Amino acid sequence: MGNSKKVILLGNFGVGKTSLVRQYVFRKFSDDYMTTIGVRIDKKMVAVNGQEVSMIIWDVAGESTHQKIPNSYKLGAHGIIYVIDVLRPSTYLSIEKEISSLEDLLPNVPIVKVANKIDLLTEKERIEIVNNLPLNDYVLCSAKNGSNVEDAFNKLAESLI
Amino acid sequence: MDKQKFEVLKDILFEDARKRNEELDNKVKAIDEIISDRAKLEPRIAPILEDQVHYLEKNFPTLFGAAITASIRKQIKDSQDEVVDALYPIIGKMIKKYISLELARLSERIDRQLDRAFSWEGWIRRIKAWFGGVDERDLIMTELAQPELEEVFVIQQESGLLMGSYSKHQTLDQDMVAGMLTAIKTFVKEAFPGGYQELETIEYENYKIIINNLKSFYVAVVISGNMNTDFKMKLDDIMTDFEQQVMEKYLGDKENFSEDQLTELIKANFGKLNNGE
């Protein structure tokens, strides 16, 4: 239990939270969209600085704001991955407020911000969108081709030790 | 010459004072000797202390009653969960014993009624029970599956992380089961709010998950087959004892209480169920 860490994935519906977990845990991706009902739980063992960490990943059904998700799902979390969809501004317009309220609820819990679906952008669009994202210190990734997915989770895992 | 005379005069004038001084000095030495020697001091102060103890015994409720009552009331109010955790094993056992006794009485009354009733089924069952040397009610249960302990999980309340477990088959990842059970519990709590209520059982076909909630952790026990009263009572007793042991050890030394230690504790306690002890 000492090296088990509860990690929760939050973000709007359809941003690709479940796909990110599937890519990270099983190295699989499916184009079929199936909405998550309630919560699904997966587990991945990772080695961080020579230490084995068991990440128990709570993939919580997407909501427009995390406040609609029961607090008891979030309590006891050791880390958070907050996912946005780079193509849908509605998924990140109020991200600052969301992060701030999460920090109030779970003080000192590390949060990694992940901007997903970059595979759907051309190089030009990517530069344009990235320049306009109201975020700093985030990971650009693609659940579809696996780009930076491992990095995002590993970044969080490192901050959990 | 004058000095000599002055000394003589001083001796005459202060002789009484010197004597008093010497007497006082001797008294102080005697008192000091008594105080420093326990054997000498005890007989002198014992009667006084005894009187005081009697006085306190007699007047304790008047002197301290109000303050103690107020303090206990405040303590209970400030830490209700801890009080519930501390009292749970004792009160739980008391209530269970009382209910068991009452149920046994009720069962005896029903038996008396049944004995009076006349039916072929009843006679056949009775004959079978008599030949088999078993209780009539238990005979009905033997037709169905025997209850058996499948898995035990000890899970942290908030995070849903597994603290320790026991499994007969090791079919599923236990960490994920612990997480899912917590998510289900959380869902039920959120969906049907209302005071201090918790999910206590989950049933699916031949399996039953019994959940016992404490403040910082909960115990989930998976049973297959049909639970008869004996098995349920035995399980309740084991759960109560086990939870008490975990609380003493886990809450006493959270840092050093390992998953292995907990697993051993689970095996030692719940193993009795399948061993028929």
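Now for a quick tour of the structure. Predicted, not measured: the structure shown is a model, and the values here were computed from it.

### A few points about the packing of aromatic side chains
Residues and elements named next belong to chain B. For the coordinates displayed, the defined rule picks out five aromatic pairs over all chains. Taken together, a centroid distance of 5.1 Å and an interplanar angle of 70° make the contact between Phe242 and Phe270 edge-to-face. Remark: Phe270 occurs in helix α8 (residues 259-275) and Phe242 occurs in helix α7 (residues 229-252); sequence separation between them is 28 residues. Of the residues examined, Phe242 reaches a relative accessible area of 0% and is grouped as buried. Relative accessible area serves as the criterion here: at 1%, Phe270 is assigned to the buried category.

### Some thoughts on the interface of chain A and chain B
Across the contact, 18 residues belong to chain A and 17 residues belong to chain B. Here chain A meets chain B over a buried area of about 1,500 Å², counting both sides, of which 65% is carbon and sulfur. In this assembly, chain A and chain B are joined by two salt bridges. A salt bridge links Asp175 of chain B to Lys43 of chain A; the nearest nitrogen and oxygen atoms lie 2.6 Å apart. Viewed at the interface, chain B and chain A are joined by four residue pairs in polar contact (both at pLDDT 80 or more).

### Here we look at a nonpolar patch on the surface
All names here are of chain B. A cluster of nonpolar residues, Leu87, Ile90, Ile91, Met94, Ile95, Tyr98, Ile99, Leu103 and Leu106, forms a patch on the protein surface that exposes about 850 Å² of accessible area. Among the structural elements, Met94 can be located in helix α3 (residues 80-116). The exposure class assigned to Met94 is exposed, which follows from its relative accessible area of 55%.

### So, the side chain of Asp59 of chain A
Residues and elements named next belong to chain A. Along the chain, the position of Asp59 falls in strand β3 (residues 51-60). No salt bridge is formed by the buried Asp59; the nearest opposite charge belongs to Arg40, separated by 4.4 Å. A polar contact is formed between the side chain of Asp59 and the side chain of Thr18, at a distance of 2.6 Å. When sequence neighbours within four positions are dropped, the list of residues in contact with Asp59 reads Leu9, Lys17, Thr18, Val21, Thr36, Gly38, Val39 and Arg40.

### Observations concerning the pairing of strand β1 (residues 4-11) of chain A
All names here are of chain A. Here β1 lies mainly inside the structure; eight of its eight residues are buried. Here β1 shows no split at all, with Ser4, Lys6, Ile8 and Leu10 on one side and Lys5, Val7, Leu9 and Gly11 on the other all buried. Bridge count for β1 against β3 is six bridges, and the pairing is parallel. Along β3, the bridge assignment pairs Val7 with Ile57. Taken together, the five bridges between β1 and strand β4 (residues 79-85) define a ladder with parallel strand orientation. Paired with Leu10 across the two strands is Tyr82, which belongs to β4.

### Overview of the side chain of Asn269 of chain B
Residues and elements named next belong to chain B. If you trace the backbone, Asn269 turns up in helix α8. Residue classification places Asn269 among the buried residues on the basis of a relative accessible area of 3%. For Asn269, the residues in contact, after removing those within four places along its chain, are Ile238, Asp241, Phe242 and Gln245.

### Brief notes about the nonpolar core
Residues and elements named next belong to chain A. The biggest cluster of nonpolar side chains holds 30 residues, and the ones touching the most others in it are Leu10, Trp58, Ile80, Tyr82 and Ile84. Listing elements by their share of this core, those giving two or more residues are β1, β2 (39-48), β3, β4, α3 (95-105) and β5 (111-116). Sequence-distant contacts of Ile84, that is, excluding residues within four places in its chain, are made with Val15, Thr91, Tyr92, Ile95, Val114, Ala115, Asn116, Leu133 and Leu135.

### Here's the deal with the sheet that holds β3 of chain A
Residue and element names in this part refer to chain A. The sheet built from six strands is open, its strands ordered β2-β3-β1-β4-β5-β6 with mixed pairing. The strands lining the two open edges of the sheet, one partner per strand, are β2 and β6 (138-140). Each strand axis lies, on average, 25° off the axis of its neighbour in the sheet, ignoring direction. Together, β1, β4 and β5 form the strand contacts of α3, whose direction differs from that of β4 by roughly 170°. Packed onto the sheet, helix α5 (residues 149-160) meets β1, β2, β3, β4, β5 and β6 and runs at close to 155° relative to β4.

### Notes on the sheet that holds strand β2 (residues 162-167) of chain B
All names here are of chain B. Reading across from one edge, β2-β1-β5-β4-β3 is the order of the five strands in this open sheet, with antiparallel pairing throughout. In this open sheet, the two strands that pair with only one neighbour each are β2 and β3 (201-204). Along the sheet, successive strands turn relative to each other by an average axial angle of 10°, direction set aside. Pairing between strand β1 (residues 148-156) and strand β5 (residues 217-224): eight bridges, direction antiparallel. Within β5, the residue paired with Glu151 across the bridge is Val222.

Quick notes on the rules
- Residues numbered from 1 in each chain as written.
- Chains lettered and ligands numbered in written order.
- Predicted model: local features only at pLDDT ≥ 70, side-chain atom pairs only at ≥ 80, totals over all residues.
- Heavy atoms only, no water.
- Phe/Tyr/Trp six-rings, centres within 6.5 Å; stacked < 30°, edge-to-face > 60°.
- Helix = DSSP H or I, 4+ residues; strand = E, 2+ residues; numbered from the N terminus.
- Buried < 20%, exposed > 50% of the residue type's maximum accessible area, 1.4 Å probe, protein only.
- Contact = heavy atoms within 4.5 Å.
- Buried area = accessible area lost by both parts, 1.4 Å probe.
- Salt bridge = Lys/Arg side-chain N within 4 Å of Asp/Glu carboxyl O.
- Polar contact = N/O pair within 3.5 Å; in protein donor to acceptor, adjacent residues only side chain to side chain.
- Patch = residues over 30% accessible without salt bridge, like charges linked within 9 Å, V, L, I, M, F, W, Y side chains within 5 Å.
- Areas by Shrake-Rupley, 256 points an atom, 1.4 Å probe, with all protein chains shown as cover.
- Lys, Arg positive; Asp, Glu negative; His and termini not counted.
- Pairing = 2+ DSSP bridges.
- Core = buried A, V, L, I, M, F, W, Y, C linked by side-chain atoms within 4.5 Å.
- Axes fitted to C-alpha atoms, helices over the stretch in contact; angles between N-to-C directions.

Keep in mind these numbers describe shape, not what the thing actually does.
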